[in-house]
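Structure assessment
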Amino acid sequence: VYSIPMDMPIERLYSRSEHYDSVATNLDDVNSYCPITRLQKFAAKGRIGSLAPRFNGVYTSYSKRKTMETDAPEVLRRCVEDGVDVVLLTAL
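Now for a quick tour of the structure. Remember, it's a predicted structure, so these values are computed and weren't measured experimentally. (Residues numbered from 1 in each chain as written. Predicted model: local features only at pLDDT ≥ 70, side-chain atom pairs only at ≥ 80, totals over all residues. Heavy atoms only, no water.)

Details of the pattern of salt bridges
Enumeration over the complete set of coordinates arrives at six salt bridges. One salt bridge in this structure joins R54 and D82, with 2.7 Å as the shortest N-O distance. Here D82 lies in the segment after α2 (64-81) and R54 lies in strand β2 (residues 54-57), a separation of 28 residues in the sequence. R77 is the partner of E74 in a salt bridge, and the nearest nitrogen-oxygen pair spans 2.7 Å. (Salt bridge = Lys/Arg side-chain N within 4 Å of Asp/Glu carboxyl O. Helix = DSSP H or I, 4+ residues; strand = E, 2+ residues; numbered from the N terminus.)

Details of the environment of V86
Within the secondary structure, V86 sits in the segment after α2. Exposure remark for V86: the relative accessible area of 70% places this residue in the exposed category. Considering only alpha carbons, one finds V86 and L51, 35 residues apart in sequence, at a separation of 9.8 Å. (Buried < 20%, exposed > 50% of the residue type's maximum accessible area, 1.4 Å probe, protein only.)

Section: the environment of T37
Among the secondary structure elements, T37 is positioned in helix α1 (residues 36-44). Each C-alpha atom, one on T37 and one on D7, is 10.0 Å from the other, the two residues being 30 residues apart in sequence. With sequence-adjacent residues up to four places away left out, T37 is seen in contact with I10 and N31. At 3.3 Å, the side chain of T37 forms a polar contact with the side chain of R38. (Contact = heavy atoms within 4.5 Å. Polar contact = N/O pair within 3.5 Å; in protein donor to acceptor, adjacent residues only side chain to side chain.)

Topic: the packing of aromatic side chains
Going through the model one piece at a time under the given rule, you end up with zero aromatic pairs. Above the face of the F42 ring, R47 is positioned so that its terminal group lies 4.6 Å from the ring centre. (Phe/Tyr/Trp six-rings, centres within 6.5 Å; stacked < 30°, edge-to-face > 60°. Lys NZ or Arg CZ within 6 Å of the ring centre and 35° of its normal.)

Remarks on the side chain of D71
One can find D71 in helix α2. Leave out the neighbours within four places in its chain, and D71 touches V1, V58 and K66.

Some words on the pairing of β2
Burial of β2 is one-sided: the residues F55 and G57 facing one way are buried, the residues R54 and N56 facing the other way are not. Bridging between strand β1 (residues 2-5) and β2 involves four bridges; their strand directions are antiparallel. If you follow P5 over to β2, its bridge partner there is R54. (Pairing = 2+ DSSP bridges.)

Details of a positive patch on the surface
A cluster of like positive charges, contributed by R38, K41, K45 and R47, occupies part of the molecular surface. Checked against the element boundaries, K45 lands in the loop between α1 and β2. (Patch = residues over 30% accessible without salt bridge, like charges linked within 9 Å, V, L, I, M, F, W, Y side chains within 5 Å. Areas by Shrake-Rupley, 256 points an atom, 1.4 Å probe, with all protein chains shown as cover. Lys, Arg positive; Asp, Glu negative; His and termini not counted. Charge placed at Lys NZ, Arg CZ, Asp CG, Glu CD.)

Section: α2
Its 18 residues place the ends of α2 24 Å apart at the C-alpha level, agreeing with the 26 Å of an ideal helix rising 1.5 Å per residue. Roughly 35° is the biggest bend found in α2, and it falls at D71, with proline P73 one to four residues downstream. Among the residues of α2, D71, V75, R78 and C79 are the ones counted as buried. Check the buried side of α2 and you find it contacts β1 and β2. Trailing α2 by a residue or two, G83 shows a phi angle of about 70°, which is positive. (Expected span 1.5 Å × (residues − 1). Bend = angle between axes of the 7 residues up to and from the residue.)

The following block contains the structure:
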């Protein structure tokens, strides 16, 4: 599990060297897999209350057990620590 500050410049939000489905996923538009600028606009317009100070990611290991026993509890812990009310999950 990793966390990135919510105000990270969008051009720094991905790495083409990391694992992703290059056939089904387009990394040219950050909002296609991490709708950060859309969420920022919604917050600015008052459509949502605010954004957490950071967003969390999980490296893909394709292990249901690791996801359920390790990654998900850690993401939950970080969300609770940040006072998050709602979580938006996206896949890459």
